[in-house]
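Descriptive analysis of the structure
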Amino acid sequence: MDRLIIASNRLPVKINEVEGDFTVEPSAGGLATGLKSYHKKNDSVWIGWPGIDVDDSKDKKKIEKLLSDEHCIPLYMESDLIENYYDGFSNATLWPLFHYFTEYASFKEDYWDAYKKVNEMFAESILKHTKKGDTVWVHDYQLLLVPEMIRKQRPDIRIGFFLHIPFPSYEIIRILPWREEILCGMLGADLIGFHTYDYARHFISSVKRLLGHDIDFNTVSMDGRHVYVDVFPMGIDYEKFERKALEVQSKPIQERSKQHQEIDRFLMGEPNRKLILSIDRLDYTKGIPHRINAFKRFLTDHPEFRGKVSLLMLTVPSREDVEQYQNLKREIEELVGGVNGEFGTLGWNPIIYFYRSLPFDNLIELYSSADIGLLTPLRDGMNLVAKEFIATKAGHKGVLILSEMAGAAKELGEALSVNPFNIKAVSDAIYAALTMDQDDQTNAMHTMQERIKRYDVHKWASDFMDNLEKTSKKQEINQARKVSGKNIEKFLSQYQKAKSRLLFLDYDGTLQKFFSLPGDAKPDKELLQLLKKSHLDDKTELVIISGRDKVTLNEWFGDSGFSLIAEHGAWTKDKDGEWKERTNTRSNWKENIRPVLESYMDRTAGSIIEEKSHSLVWHYRKADVELGALRALELTTDLSNLIINQDLEILEGSKVIEIKVAGINKGSAALEYIHDGSYDFIMAMGDDWTDEYLFKALPEESITIKVGTDRSAAKYYVGNYKEVRSLLNKLLTK
Ligand SMILES: O=P(O)(O)OC[C@H]1O[C@H](O[C@H]2O[C@H](CO)[C@@H](O)[C@H](O)[C@H]2O)[C@H](O)[C@@H](O)[C@@H]1O
Ligand SMILES: O=c1ccn([C@@H]2O[C@H](COP(=O)(O)OP(=O)(O)O)[C@@H](O)[C@H]2O)c(=O)[nH]1
């Protein structure tokens, strides 16, 4: 790998203007704090917003200089763009929607336009700074369109994408007016990473349902390209947190910061006084009001703990221009005031509330002083604070109470897990944590520490990078089979030299795209004109080889001058001849099979049955994708038992299950056309399993082309029916 270009909305540092001069300060938020460590260690370049808008070119120069020391490149945005792209589409549309706060999500065209514009600006800047061989790693929901934008301009670039927030279920994402564009944007990447398996499976299910792409486990196939989806739970710079915590704890109290001494004095004010700590950006996803209410409930249910425990909440200002954040700030302040007013005494504040950010050293002091970490987000992509709290518990003392709605809960199974909406449960967990046996604390803490120490932020990032490299190796292998450039030249030259050519063309999915209703897939004008070009000389014979019934093929191509093979080979018709039946098996078997198919049709909305002379077909393209696939599996098992000892077989096509007379297939039918080596150019194109018979049956020297990247006996592949048409056009006009 040459160089790594990281792109995220926010740079790991932000620029502040103090009396006409500029200073650099670390950005808050998990993406910046986590990835910064990896960036520092590796020779990467980071493109992002410096958190400030400047016009003056001299100022820009100064900022660029400051940032270049951090290996960062600024991307400036004017204030109206920030308003519509950052406060708007990113934080008032995507953020609430992806965190299941649908009632907060607003869908405005202006937001969307600004979002597209800024994503384009990012793509341009990335392309400007990316050389051949570099790898691009795009981060988070603010830049969902960037992978596709880069891919369109430079298909050769290796692109990774990581989403730091939850990917919601299909039922939520379907609400978004620009849902398809967002999914296509992400699919420009070679590898898409999520924190948890749930987010990954929601993404895959949305891609299936909304875009209809083929998906095999974690691989999405689209237009001849594979996109891999996988889970990489982000870690922290464990060693840095552990080391600093040990350093802080080994210092005599007099040498610690003023603030730390104050906290310590406060804790000493009462024997066994305990400190519960929560740290989060002020965000409605973090469940701060629910947490305060749970703490209030705890003080009500357990009066014996009054004066003996305080909740210290460090709430970091965030997205202050967004209305919901302003409202939330007021709500929190009122709630804190309420609890302190009701329960507080002269020497004891139940809730100690800060609305500010703290430098790293102070943060560590807070972590070190706390007995309990109380992190109760209502939804959270990961929640790195949970991991940081654990890393600082050097003596294994301390208890973590963690919301089951945080991505981190998947890895931190030994924490006290709570549903943050269940106020009583959170209050009970506070009690359990305060009264937990020391050995139990140590065991849980130790196990969690070992786990997050292993998969720290360096391992996380290098794991992602290794996988990205592997995926692009796979893309390269795939690429060699793809019909393009040199391959096309070769085919054209062979075609031109040949004295006698034979082309086998499957219909649905090969010459024509799929339609929800099979009857809608009639050949269009462009296709008919293209195929007619085969009559330009008398050296080329064209055979339409399809699973379609003969009536339909006859209606569409009966007098076209092509040879036709219908029902996977049950019927054939030479270009000037009549239809011939290739089987004499009677069709009374259908009476047993039809009721089974009918029961599947009744239970699977959107599915239909088609009857052909020698087969029965269950189509499920219009059914729910997942239900359809499940039922197809069940049906195949049921049918396999039913057809034992009968001269029948089951064919699985693209969203169809077909039961037909055995021994009849496209391969055996095609061979009837190839007498005594009379053709010196044979090409076959097809898109599904039924075409595999054809690919396997043809002579070795034939050019076999699969539509799509699925495993196949074909030697080459093309991305879609459009590429089939384009190749045919080149051949037939040669
Ligand atoms: O840049 P801001 O608008 O100030 O917001 C700060 C960051 O918040 C979000 O963090 C997420 O990433 C963390 C690390 O993966 C994860 O632990 C957390 O659950 C997420 O909410 C946001 O995704 C970032 O883009 C922001 O920079
Ligand atoms: O004053 C503060 C308080 C917190 N943080 C950091 O902000 C990050 C918060 O990340 P998390 O994943 O918990 O949530 P996010 O804010 O990204 O949603 C953590 O690394 C904290 O150490 C910080 O830099 N300054």
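Residues numbered from 1 in each chain as written. Chains lettered and ligands numbered in written order. Predicted model: local features only at pLDDT ≥ 70, side-chain atom pairs only at ≥ 80, totals over all residues. Heavy atoms only, no water.

Here's the deal with the overall build of the chain
Counting secondary structure elements, the chain contains 25 helices and 29 strands. Counting across all 734 residues of the chain, residues that qualify as buried make up 56%. Summing over all exposed atoms, the chain offers an accessible surface of approximately 31500 Å²; the carbon and sulfur share of this is 48%. The average position of the 98 basic charges and that of the 114 acidic charges among the side chains of the chain differ by 2 Å. (Helix = DSSP H or I, 4+ residues; strand = E, 2+ residues; numbered from the N terminus. Buried < 20%, exposed > 50% of the residue type's maximum accessible area, 1.4 Å probe, protein only. Areas by Shrake-Rupley, 256 points an atom, 1.4 Å probe, with all protein chains shown as cover. Lys, Arg positive; Asp, Glu negative; His and termini not counted. Charge placed at Lys NZ, Arg CZ, Asp CG, Glu CD.)

Some points on the confidence of the model for the chain
Residues with a pLDDT of 70 or more make up 100% of the chain, whose mean pLDDT is 94. Two numbers describe this predicted complex: its pTM, 0.90, and its ipTM, 0.97. (pLDDT = per-residue confidence, 0-100.)

Here we look at the site of ligand 2
Every one of the 16 residues lining ligand 2 counts as a neighbour, but Gly30, Thr33, Arg281, Leu358 and Glu388 are closest to it. Gly30 is positioned such that a nitrogen or oxygen atom in its backbone is 2.6 Å from an oxygen atom of ligand 2. For ligand 2, the protein covers 89% of the area, taking 540 Å² as the surface of the free molecule. The biggest single contributor to the shell around ligand 2 is helix 14 (residues 384-391), with three residues. Taken domain by domain, the makeup of the shell around ligand 2 includes at least three residues from each of domain 1 (4-231) and domain 2 (238-454). (Near = heavy atom within 4 Å. Polar contact = N/O pair within 3.5 Å; in protein donor to acceptor, adjacent residues only side chain to side chain. Domains from an automatic or database assignment.)

Here we look at the nonpolar core
Phe122, Ile150, Phe167, Phe194, Phe203 and Trp460 are the most contacted members of the largest nonpolar core, which totals 167 residues. Top contributing element to this core by residue count: helix 3 (residues 79-98), with 10 residues. Residue assignment places this core across two domains, with domain 1 (4-231) and domain 2 (238-454) each supplying three or more. Setting aside anything within four residues of it in sequence, one finds Phe122 in contact with Ala7, Ser8, Asn9, Ile47, Gly48, Trp49, Leu75, Met77, Tyr85, Leu143 and Val146. (Core = buried A, V, L, I, M, F, W, Y, C linked by side-chain atoms within 4.5 Å. Contact = heavy atoms within 4.5 Å.)

So, the pattern of salt bridges
Within the structure shown, the criterion is met by 44 salt bridges. Its salt-bridge partner being Lys296, residue Glu342 comes within 3.8 Å of it at the nearest N-O pair. In this pair, Glu342 sits in helix 12 (residues 323-343) while Lys296 sits in helix 11 (residues 288-301), placing the two residues 46 residues apart along the sequence. Accessibility expressed as a relative area gives 31% for Lys296, which makes it partly exposed. (Salt bridge = Lys/Arg side-chain N within 4 Å of Asp/Glu carboxyl O.)

Details of helix 21 (residues 590-603)
With 14 residues, helix 21 extends 20 Å between its outermost C-alpha atoms, agreeing within 8% with the 20 Å of an ideal straight helix rising 1.5 Å per residue. What helix 21 keeps buried is the set Lys590, Ile593, Arg594, Val596, Leu597 and Tyr600. Viewed end-on, helix 21 has its buried residues packed into an arc of 165 degrees, placing them on one side of the element. On its buried face, helix 21 sits against strand 23 (608-612), strand 24 (615-619), helix 22 (625-642) and strand 26 (656-661). (Expected span 1.5 Å × (residues − 1). Arc of directions from axis to C-beta.)

Description of the environment of Asn478
By secondary structure assignment, the location of Asn478 is in helix 17 (residues 457-481). Sequence-wise, Asn478 and Thr315 are 163 residues apart; in three dimensions their C-alpha atoms are separated by 50 Å. Excluding residues that lie within four positions of it along the chain, Asn478 makes contacts with His226, Thr709 and Tyr717. Within the structure, the side chain of Asn478 is placed 3.2 Å from the side chain of His226, a separation counted as a polar contact.

Describing the site of ligand 1
The local shell around ligand 1 holds 20 residues, among which Arg10, Tyr86, Asp140, His164 and Asp380 are the closest. In this structure, an oxygen atom belonging to ligand 1 sits 2.4 Å away from a side-chain N or O atom of Asp380. One of the backbone nitrogen or oxygen atoms of Gly381 is found 3.1 Å away from an oxygen atom of ligand 1. Burial of ligand 1 by the protein amounts to 96% of the accessible area it has alone, namely 560 Å². Secondary-structure elements contributing two or more residues to the shell around ligand 1 are helix 1 (30-41) and helix 3.

Some words on the packing of aromatic side chains
Evaluated as defined, the whole model comprises 33 aromatic pairs. Ring geometry for Trp112 versus Trp178: centroids 5.3 Å apart, planes at 20 degrees, classification stacked. On the criterion of sequence distance, the pair formed by Trp112 in helix 4 (residues 109-129) and Trp178 in the loop between helix 6 (170-173) and helix 7 (179-186) is long-range, its members being 66 residues apart. Residue Trp112 shares its accessibility class with Trp178, and that shared class is buried. Cluster of aromatic residues (ring-pair linked, three or more members): Tyr85, Phe89, Trp112, Tyr115 and Trp178. (Phe/Tyr/Trp six-rings, centres within 6.5 Å; stacked < 30°, edge-to-face > 60°.)

Describing helix 1
Between its first and last C-alpha, helix 1 extends 18 Å over 12 residues, near the 16 Å set by a 1.5 Å rise per residue. Of all the positions in helix 1, only Leu31, Ala32, Gly34, Leu35, Lys36, Ser37, Tyr38 and His39 are classed as buried.

So, the packing of helix 19 (residues 525-532) against helix 25 (residues 721-732)
Viewed as axis vectors pointing N to C, helix 19 and helix 25 meet at an angle of 30 degrees, and their least axial separation amounts to 9 Å. In this structure, helix 19 crosses over helix 25, and the sense of that crossing is left-handed. Listed contacts from helix 25 to Glu526, Leu527, Leu530 and Leu531 of helix 19 are Arg725, Leu728, Asn729 and Leu732. Among the residues making up the contact of helix 19 with helix 25, the classes are represented as five nonpolar, one polar and two charged. (Axes fitted to C-alpha atoms, helices over the stretch in contact; angles between N-to-C directions. Left-handed = near helix turned anticlockwise from the far one by under 90°. Nonpolar A, V, L, I, M, F, W, Y, C, P; charged D, E, K, R; others polar.)

Remarks on a negative patch on the surface
A surface patch of like charges, here negative, comprises Asp53, Asp55, Asp56, Glu78, Asp80, Glu83, Glu320 and Asp321. Of note, Asp53 is situated in the loop between strand 4 (44-49) and helix 2 (57-68). (Patch = residues over 30% accessible without salt bridge, like charges linked within 9 Å, V, L, I, M, F, W, Y side chains within 5 Å.)

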